[in-house]
Every structure is written in C-alpha cells, then in structure tokens.
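So the chains spell out like this:
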Amino acid sequence: MTPVTAPDPSTLMLALPKGRLADQTLALFGAAGLPLPEGNAGRKLILASSDGAMRYIMAKPGDVPTFVEYGAADLGVCGLDTLRESRRHVYEPLLLPFGYCRLSLAAPANRPDTPLRYASQPRVVTKYPNLTADFFRARGVNAEIITLHGSVELGPLVGLADLIVDLVETGNTLRANGLVETRTIMEIQAVLIVNRAAYHLKRSAVESVIESLRQHLAKAQHSGQAGLHLAAAGAGAG
Ligand code: PRP
C-alpha cells in the first residue's frame, strides 16, 4: 500500500464527487491538459496521475467541501448547492460549465399558490435543510423543515409535507409526481473550490491549475461552445 506522503508544495490533492460530476471534471481537466488519474478507480479511493503531480480523492459529493475546508484536499469540485448547504469556508475561484440545475420550491399542482407569508407553518421536505431554512427565514415564514436523503418528491404524495425544496434539472421528476415549481431558490452549476491555506502555501501549483482551466474555458467560450461561464470572482470569493 502506498503510504500517504507529507505535504509537498508542488503536488496537489483534489477531491472529486463520485458520479457524473467527476466524469465531467476529468473530461474538462483532460481537455485543459491537466494530469489525469491513472487507472480505473474501482474500489480505490485515491488515484495518482502518472507524473505524481496530482492525486485525486473520490469522495461522496456532500463531503467534498469538508475535505477541502480542512485541507485534506487542496482543491475540489462540487455543485454550488452542496457548497452553500455545507457552509464550509473555501475559496471558489472558478465556476465550471456543467452540473447546471436549480434549487426550487415545489408544491402539489392542485395547491393554490398563495404568497408564502400567508402560509401557516408549512411542512417542507428537503435534502437541503440549511438552504431551505435560510429561504423561509428570509421571508419571515416559520416553516417546519424535515430532512430526507433522497426522493423528496414523495413528501407531499404520502402526506409527510406540504412543499418540497429540491434540485430541478429537466422538471421530469416533478411532473411525473404531480408537483409544480413555484419559486427558484438558487441557480446551480459546478464550482472549483480551493483550501484557503493551500491557496497561499501551494500558490504556484494551485494557480497553474486555475489558469489552465481558465484559459481552456475562455478558448472554448470564444470558439462558441455553449454553456460556458467563467466566474468573475477572484480567489478571495468564498
Ligand atoms: C435529483 C433531484 C430530483 C431530480 C431532478 O435526484 O433530487 O429528484 O434529480 O431532476 P429532473 O428535474 O431532471 O427530473 P437524483 O436523481 O439525484 O436522486 P435522489 O432524489 O434520490 O437524490
């Protein structure tokens, strides 16, 4: 077994969310000429690039901001939903052009859409209790928030809740379950995040990754590829 090596300013540890976002991140990194992990992940959780410059942690999506905030990973990729829900403090120098969806409030199609402030303590199921609490608090609504870990659309169908807060991409899941989107809470896409200390202690290696991605994305945007958005914020955002 390869021992975990001491921090080296020229090598970077990157946390990826297992699944579709990881595939899209690796495709982007490859196109931008960054070192890719060697071999197939299988059950292996840390993979290194052939030149040893980058190591990749394959993490559960919700855990990526935790690895990065604590410096177990220097960089990571996750959705803005996961990042904001986690309340983790990291730099977020670059939005990435995939993982587009939105976090929305949805209700049964036959429920009258009255202003939220008239709702008396609505029950809301969600995988995003923090963002949901923020949303209702900002509107002065005392909502009862129930956390589920998947298929939150079930909530109103089985009488567990009046409303849901969940991700919407195509809207097919809502439609199939007789629900309609009533408010968009936030627009979501993937984001590159950086540990605050690593950004300074490994500045040259971290900047080189950000710059390679920025240049590749700018070129792709220039050549008219759809759906590319660069973050206006610098590394200080976060
Ligand atoms: C997500 C989300 C919705 C669905 C939205 O669920 O929670 O259920 O996708 O996509 P759509 O608008 O294109 O239908 P996911 O597939 O991640 O599964 P989960 O609900 O079990 O978390």
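See the structure above.
It should be emphasised that the depicted structure is a prediction, and the values quoted were computed from it without experimental measurement.

Colleague: How should I be thinking about the environment of Leu80 in this particular structure?
Modeller: Considering the arrangement of structural elements, one finds Leu80 in helix 3 (residues 80-86). For the pair Leu80 and Met186, spaced 106 residues apart in sequence, the C-alpha to C-alpha distance is 9.0 Å. Discounting residues that sit within four places of it in the chain, Leu80 has contacts with Glu92, Leu95, Met186, Glu187, Ile188, Gln189 and Val191.

Colleague: How should the packing of helix 1 (residues 20-31) against helix 8 (residues 203-222) be read in this particular structure?
Modeller: The axes of two packed helices give the description: the angle between them and the distance between them. Packing of helix 1 against helix 8 brings their axes to within 9 Å, and their N-to-C directions diverge by 90°. Overall, the two elements helix 1 and helix 8 adopt an arrangement that is roughly perpendicular. For the pair helix 1 and helix 8, contact is made by Leu28, Phe29 and Ala31 and by Leu213, His216 and Leu217, respectively. Tallied by class, residues from the contact of helix 1 with helix 8 come to five nonpolar, one polar and no charged.

Colleague: Which parts of the structure should I look at to understand the side chain of Thr132?
Modeller: When you line up the elements, Thr132 lands in helix 4 (residues 129-138). You can call Thr132 buried: its relative accessible area is 0%. Engagement of the side chain of Thr132 in a polar contact is seen with the side chain of Thr126, the distance being 3.4 Å. Once you skip the residues sitting within four places of it in the chain, Thr132 turns out to touch Val124, Thr126, Ile145 and Val165.

Cut-offs applied
- Every chain is numbered independently, its residues counted from 1 as its sequence is written.
- Totals for whole chains, interfaces and linings use all residues, but because this is a predicted model, local features are given only for residues with pLDDT of at least 70 and pairs of side-chain atoms are given and counted only at 80 or more.
- Working from all heavy atoms in the structure, the side-chain values ignore hydrogens and water.
- What counts as a helix is a DSSP run of H or I of at least four residues, what counts as a strand is a run of E of at least two, and both are numbered from the N terminus.
- Residue contacts are defined here by distance: any two heavy atoms, one from each residue, within 4.5 Å place the two residues in contact.
- Angles here are taken between N-to-C directions and fall from 0 to 180 degrees, while the axes themselves are lines fitted to C-alpha atoms, restricted in helices to the stretch in contact.
- Small angles under 35 degrees read as roughly parallel and large ones over 145 as roughly antiparallel, with 65 to 115 read as roughly perpendicular and the rest as oblique.
- Each residue gets one label: Ala, Val, Leu, Ile, Met, Phe, Trp, Tyr, Cys and Pro are nonpolar, Asp, Glu, Lys and Arg are charged, and the others, such as Gly, are polar.
- Burial classification: accessible surface area is computed with a 1.4 Å probe over protein chains only, and a residue below 20% of its type maximum counts as buried, one above 50% as exposed, and the rest as partly exposed.
- Two N or O atoms count as a polar contact when they lie within 3.5 Å, although within protein this holds only if one can serve as hydrogen donor and the other as acceptor, and sequence-adjacent residues are included solely when both atoms are side-chain atoms.

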